[in-house]
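What follows is each chain in one-letter form.
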Amino acid sequence: MAATGVQLIPSPEEIMQILKRTGAFREGHFVYPNGKHTAHYFQMPLAFRYYDTARVLAVALSRKFRIERDIASQLPKVAIISPSSGGIPVAFGVRDALNAEQIYWAEQETGKRTFRQYVNQGEINPCIIVDDIIRSGNAIEETVELVRSLGSPITGCGAIVRFASAPNSIEDVQIKSLVEYDEQFYGSSDCPMCKQGVPEEHVRF
Ligand SMILES: [Zn+2]
């Protein structure tokens, strides 16, 4: 037995195999609401619909946090926070693996990212923000602002997949991910799938 006590994190290739097998990673010709075209689409909840798969992904992400001394030393007085509904199963899975004390998730209310009413200043433990996928980073950035406004420090941030074009850190906190994906976006004039006549599928976000 080599390296006893080291908990292995699946490779990006192994994570991609899980995402393909569950239908979370899709190949074709996709059109985003902003008009951009891509040859791939991540529908992450399809990987989280299977409990065993959800657990493998969340435990793997949790290991990236557990090896951080600043985070490990604060456990269990930590909050796991999801910016949106897609990150909720990730948040519960990471919480379970780390035995963190709190979970919160934000929602969009009248165009503003917010927590449920009666979450008060000073109640949120030092926190780790987790999501299923980080495409632009906007959701994470809005959640950072929200959490800071409630007086909680951010000690970690991560997602199962992060697009290479998204930020790789939030202020001084590095964003962790199991897969860093270099997605190519095209306009309709320079899209290779359009040229080949591949049928378009419109994705909602
Ligand atoms: Zn196209």
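The structure this text deals with has already been given above.
Analysis parameters
- Residues numbered from 1 in each chain as written.
- Predicted model: local features only at pLDDT ≥ 70, side-chain atom pairs only at ≥ 80, totals over all residues.
- Helix = DSSP H or I, 4+ residues; strand = E, 2+ residues; numbered from the N terminus.
- Rg over C-alpha atoms; globule rule 2.2 N^0.38 Å.
- Buried ≥ 20, exposed ≤ 12 C-beta atoms within 10 Å, placed from the backbone.
- Pairing = 2+ DSSP bridges.
- Core = buried A, V, L, I, M, F, W, Y, C linked by C-beta atoms within 7 Å.
- Contact = placed C-beta atoms within 7 Å.

A. Local environment of the overall build of the protein. A count of helices and strands for the protein gives seven helices and eleven strands. In terms of C-alpha radius of gyration, the protein reaches 18 Å, essentially the compact-globule figure of 17 Å for 205 residues. Dimensions along the principal axes, computed over C-alpha positions, put the protein at roughly 55 × 55 × 30 Å.

B. Molecular detail of the environment of Arg95. As for its placement among the helices and strands, Arg95 is situated in helix H5 (residues 88-98). Separated by 19 residues in the primary sequence, Arg95 and Pro76 have C-alpha atoms spaced 9.3 Å apart.

C. The arrangement of unusual backbone geometry in detail. Put simply, Leu75 and Pro76 share a cis peptide bond, and its omega is 0 degrees. Among the secondary structure elements, Pro76 is positioned in the loop between helix H4 (69-72) and strand S3 (79-82). Phi at Asn99 takes a positive value of approximately 55 degrees, unusual for a residue other than glycine. Along the chain, Asn99 turns up in the loop between H5 and strand S4 (102-105). In the Ramachandran plot, Glu171 falls in the positive-phi region, its phi being about 50 degrees despite a non-glycine side chain. Note that Glu171 resides in the loop between strand S9 (169-170) and strand S10 (173-181). Owing to 10 C-beta atoms within 10 Å, Glu171 belongs among the exposed residues under this scheme.

D. Inspection of the sheet that holds strand S1 (residues 25-31) at higher detail. Pairing is mixed in the open sheet, where three strands are placed in the order S2-S1-S11. Of all the strands in the sheet, the pair left with one neighbour each is strand S2 (37-42) and strand S11 (201-202). The pairing of S1 with S2 spans five bridges and is antiparallel. Bridging from a neighbouring strand, Arg26 pairs with Tyr41 of S2.

E. Looking closely at the nonpolar core. Membership of the largest hydrophobic core comes to 48 residues, with the highest contact counts inside it found for Leu61, Ile80, Ile81, Ile128, Ile129, Val130 and Ile160. In this view, Ile160 contacts Met44, Leu57, Leu61, Val90, Asp132, Ile133, Ser177, Leu178 and Val179; residues no more than four positions away in its chain are not counted.

F. A look at the environment of Ala39. Tracing the sequence through the fold places Ala39 in strand S2. Taking the number of C-beta atoms within 10 Å as the measure of exposure, Ala39 has 17 and is therefore partly exposed. Residues Ala39 and Val198 lie 159 residues apart in sequence; the distance between their C-alpha atoms is 9.9 Å. Setting aside anything within four residues of it in sequence, one finds Ala39 in contact with Glu27, His29 and Met193.

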